[in-house]
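Summary of the model geometry
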Amino acid sequence: MAVAKFRTVVESLAQLDLSTAAPSIQISSIVASTSSDSQTLIYIGTQSGSLILLRFAADSKGISFLQSLSIVQDSPVESVHVLSETGRVLLLANGFLFLVDRLLSQPSKKVAPLKGVTAIAPRCMRPGGTANTVFFDHPAETTGTSSRILRKLGNGIRANGMKVRESDQSGRPLGGDCVFAVVVSKRLILGELNSLSGSFVILKEIQAIDGIRTLVWVDDSIIVGNDNDYSLFSCVSGQSGIIFRLPDSSSPPMLKLLRKEWRVLLTVDNVGVMVDSNGQPAGGSLVFRHGLDSIAEVSSCVAVARDGKMDVYHKKSGGCIQTVMFAGEDVGYCLITQEDTGNGNFVFVATPTKVFCYLEVPYEDQIKELLRKKNFKETISLVEELEQEDELPMDILSFVHAQVGFLLLFDLHFEEAVNHFLQSNTMQPSEVFPFIMRDPNRWSLLVPRNRYWGLHPPPSPLEDVVDSGLATVQRALFLRKAGVDTAVDDHFLLNPPNRADLLESAIKNIIRYLEVSREKDLTLSVKEGVDTLLMYLYRALNLVDKMENLASSENSCVIEELETLLDETGHLRTLAFLYANRGMSSKALAIWRILSRNYSSGPAEVFKVNNCLTAEVAVLSSREIAAAEASNILEESSDQDLILQHFGWIADIDQLLAVKILTSEKRERKLSPAEVLASIDPKKVAIRQRYLQWLIEEQDSNDAQFHEEYARSLAKSALETIEKEMSGMTSGVNPGEMSTNETEADAFFESPIRERLQIFLQSSDLYDPWLILGLIENSELWLEKAILYRKLGQETLVLEILALKLEDSEAAEQYCAEIGRPDAYMQLLDMYLDPQDGTAPMFKAAVRLLHNHGESLDPLQVLEKLSPEMPLQLASDTILRMLRARLHHHRQGQIVHNLSQAVDIDTRLAVLEERSRHVQINDESLCDSCHARLGTKLFAMYPDDTIVCYKCFRRQGESTSVTGRDFKKDVLIKPGWLVTR
């Protein structure tokens, strides 16, 4: 992640020179505490043992002297700790701890009984942490002789007079700013300060190391430093360990708790190492330019002071991003501190005689400064970092991306500008409208009146932006020659851009932004602006394909804003697509009609069209493309008047398209067939036939008028086809080369004209056969005539045409089979043997007929019909086979007759035997139904041999026995009744 190399993190607010009031003053320690929203109290310890209280007022931005209090004589105040919860201040001086009130109004009070203290640190517990607050869970954990004596006494009073409360021994949770770790000789004493009584209650002692000069207590860990190493102690177990050793002759150890990350900074000469509360390395290391006297945390940075200057380092990158000079290099020891909360806005720096106050610059102002310096990458990195640390709202990154984009746009870096626009989730597409169309316009009120931070000029058309940017580049070139540095990009200075190239780049990138914006969920008015202005930009670059794609797809373009522009610039196709997209079919078709007239047979274009049968890509001329586009509109239109108005000129260009229009299934309301037929040019026979075919075959029309017109039109076309073929044959023209027009007309259909005529004549019964016969009577359309005569029941004429004119023996025999009478075959045989039209007898056809159907003919009649001129060898085998078959059929009949008689006799005998069957009834016989004795009663017996009395017989009926069997439905057949011969 890139971090700004230089930015203003703190800025100077006030300073105070203490030497004017006390010339011999030497500051030894400093701490600041916020007392209210408007003022901060500054406590300064001196080398002479005094404590000075200063006040910084935020409203007046000044530091003033309040009070001074002498603590000890000729001994420095080494450290100061403000107890914010109790309103007291704890001091370390001359090996003793002292308590004073917040305003230094009372004399100091020594904290008993500690003495020989060399360092002190309060316990810091991170919010929501899991630190242990009980130090005496196990008495064995305490160390030292005093603890053992305390346990022996048992009353909580130590021999030297120090008190240990019984409640603390029982494990009462402890924490807050009154719990301290104190270093006395080699002991690390943990205790609670009673600021009211001025006593220090020892909670625990830990055997430490010698020479501890600094320490920090975080949660359960106490990190200490001496001249040899940094060590870590556990306040719970008392165990310790070395974090790392210091090199020989290194600077004194220094520790600083970084509350933002809850890490501890350990310094080794000019290097700072960050560790967590367990002493493990966390994050990176900081390498300072020089050694350091003091450290303070400033938000995401660390500030160090030495030699009259303060350096601010970024924690993550480790780079120095600001240096502030506040005194000369020989000023002496420098101290730095921030407010005691760690979240304040002020940083205080002290030299031996002066105090300086610096304001932490708000993040927003830091971001603005980076933007003014055009450090855009560093700006984005800073915002991303602050968002991750929850220092800024989540949407500020989008805001800054948009701000950076506008700055880059006015700097003529259009591609980078749009890249930032696209990364902004809060930027509205309407914010770029003023760059495309001058105000006022339809969308002026949609543009957010948000100047961001006022770092860029107000939006203006791209032409003005480019001109202004070029003027800035020219001024920068002049200043550069004069030796003055400018903020203009060196690339532009070394390679001055061209206005046309810049304008083209600007338009292309704004197009890119609008194209992405189209996919967002926008309001209708913004969608209209995006699509309309996108069309403006397409036209500016003459991107015809994109213009037409946008116009023909779903869009929100405002036609009123575009029609004049597109008309004047000649983009009529785009305008036609827009009209069609908006349902303004009449205007769209008018444009396509104009284009079809204006287009010549110029260069062909590849255009995808679907013909009546298959979808294929065809190479079409511009006139055909215009007709195809008009056809697409008319196929979906239900406006009959509009369709019939434009149908004609489309048919003149492409009859296939005309048929698609008339037969389209896309429209909601069907056209009136009568009006459509009336509007079709009589010369467009193929269109009329295809439309009639569609009505009859696909729409299942039963209108006799349509059937008759279709049959008549097909018949006329068939006659014309035959005449052309005949004339071509007489003139010696190849039939494959003479029918180009017919080939074009037949492109509508899958089969030739005569085949279509024959199929229709056979399938339809709603036309007048006599009328069609009148048209083709004198023609060579023999098969068509046969179909018509068949419709009229003229069997003889049909057979004559099939057998004699067409010489189709198979069709003739099949027709005889359909007639179903034997005399039909005899009639056909007679036609073969005596054609009656002067032609020779068709002996082969006659023999074929006799061979296939001679068995069903009377041999006598056949012999009578045979001509004496017929060669005997042709018919002998057939006649002989016919006679043998006749004799065979006769004998088969006799056999069947005799077998039938035998079966009849057997059946009669079986019936007689059944009826003559006797049943013997005695006194013991019972009725199978009521089980009464029959005796001399009347009874009945069913075919299944069940016997019932007459009374049960009347109840059961004749056909249903006692078993429930119905003999009328379930007939009983006994084996003896079957004929076995």
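All values derive from a computational prediction rather than experimental measurement.

For the chain, the helix and strand inventory stands at 31 helices and 32 strands. Going through the 981 residues of the chain one by one, you find that 47% of them count as buried. Pairs at least 24 residues apart make up 53% of the contacts formed inside the chain by residues separated by at least 6 positions. Surface accessibility of the chain: about 49600 Å² in total, with carbon and sulfur atoms responsible for 50%.

We now examine the sheet that holds strand β11 (residues 179-184). Taken in spatial order, the eight strands of this open sheet run β13-β12-β11-β10-β14-β15-β16-β17, and their pairing is mixed. Pairing within the sheet leaves two strands with one partner each, and these edge strands are β13 (199-207) and β17 (240-245). Ignoring which end each strand starts from, the neighbouring axes of this sheet average 25° apart. Where strand β10 (residues 117-124) meets β11, five bridges bridge the pair, whose relative direction is antiparallel.

Let us look at the pattern of salt bridges. Considering all chains together, one arrives at 38 salt bridges under this definition. Here Asp-220 and Arg-123 are joined by a salt bridge, their closest N and O atoms 2.9 Å apart. Pair noted here: Asp-220 is in the loop between β14 (214-218) and β15 (221-225) and Arg-123 is in strand β10, with a separation of 97 residues, a long-range link. Of the residues examined, Arg-123 reaches a relative accessible area of 5% and is grouped as buried.

Here the focus is the nonpolar core. Val-400, Leu-514, Trp-592 and Tyr-832 are the most contacted members of the largest nonpolar core, which totals 156 residues. When residues in this core are grouped by element, the largest group, eleven residues, is from helix α5 (residues 396-410). Excluding residues within four positions of it along the chain, Val-400 makes contact with Ile-367, Thr-379, Ile-380, Val-383 and Trp-453. Among the nonpolar cores identified, the runner-up in size contains 20 residues, and Ala-14, Phe-56, Leu-335 and Leu-359 belong to it.

Now for the packing of helix α24 (residues 782-792) against helix α25 (residues 795-805). In a pair of packed helices, the angle between the axes and the distance between the axes together describe the arrangement. Between α24 and α25, the least distance of the axes is 8 Å, while the angle of their chain directions is 160°. Classed by the angle they form, the pair α24 and α25 counts as roughly antiparallel. Once α24 is placed against α25, the crossing between them reads as left-handed. Of α25, the residues touching α24 (which contributes Trp-782, Leu-783, Lys-785, Ala-786, Tyr-789 and Arg-790) are Leu-797, Val-798, Ile-801, Leu-802 and Lys-805. Of the residues contributing to the contact of α24 with α25, the split by class is eight nonpolar, no polar and three charged.

Moving on: unusual backbone geometry. At the junction of Ala-112 and Pro-113, the peptide bond is cis and its omega measures out at 0° in the coordinates. By secondary structure assignment, the location of Pro-113 is in the loop between β9 (109-110) and β10. Backbone torsion omega between Asp-439 and Pro-440 reads -5°, so that peptide bond is classified as cis. Residue placement: Pro-440 occurs in the loop between α6 (414-422) and α7 (462-481). Positive phi, close to 55°, is recorded for Asp-219, a residue that is not glycine. For Asp-219, the location among the structural elements is in the loop between β14 and β15. For Asp-219, a relative accessible area of 9% translates into the label buried. Here Asp-307, not a glycine, exhibits a phi torsion of approximately 55°, which is positive.

Moving on to helix α13 (residues 572-581). Among the ten residues of α13, eight are classified as buried, and the element is accordingly described as predominantly covered. Of all the positions in α13, only Leu-572, Arg-573, Thr-574, Leu-575, Ala-576, Phe-577, Leu-578 and Tyr-579 are classed as buried. Directly after α13, the chain includes Gly-583, whose backbone phi takes a positive value near 80°.

Following both chains from N to C, one finds helix α15 (residues 622-636) and helix α17 (residues 655-662) inclined at 5°, their axes separated by 9 Å at the closest point. In terms of orientation, α15 lies roughly parallel with respect to α17. Packed against α15, whose contacting residues are Glu-624, Ala-627, Ala-628, Ser-631, Leu-634 and Glu-635, the element α17 presents Leu-657, Lys-660 and Ile-661 at the interface.

Here we have four strands laid out as an open sheet, ordered β6-β7-β8-β9, and antiparallel in their pairing. Two strands bound the open sheet, and with one partner strand each, they are β6 (77-83) and β9. When β6 meets strand β7 (residues 88-93), the two strands line up antiparallel, connected through six bridges. For Ser-79, the partnering residue across the bridge sits in β7 and is Leu-92.

Cut-offs and rules
- Residues numbered from 1 in each chain as written.
- Predicted model: local features only at pLDDT ≥ 70, side-chain atom pairs only at ≥ 80, totals over all residues.
- Heavy atoms only, no water.
- Helix = DSSP H or I, 4+ residues; strand = E, 2+ residues; numbered from the N terminus.
- Buried < 20%, exposed > 50% of the residue type's maximum accessible area, 1.4 Å probe, protein only.
- Contact = heavy atoms within 4.5 Å.
- Areas by Shrake-Rupley, 256 points an atom, 1.4 Å probe, with all protein chains shown as cover.
- Pairing = 2+ DSSP bridges.
- Axes fitted to C-alpha atoms, helices over the stretch in contact; angles between N-to-C directions.
- Salt bridge = Lys/Arg side-chain N within 4 Å of Asp/Glu carboxyl O.
- Core = buried A, V, L, I, M, F, W, Y, C linked by side-chain atoms within 4.5 Å.
- Parallel < 35°, antiparallel > 145°, perpendicular 65-115°, else oblique.
- Left-handed = near helix turned anticlockwise from the far one by under 90°.
- Nonpolar A, V, L, I, M, F, W, Y, C, P; charged D, E, K, R; others polar.

Fair warning: the whole summary comes from geometry, so function is off the table for now.
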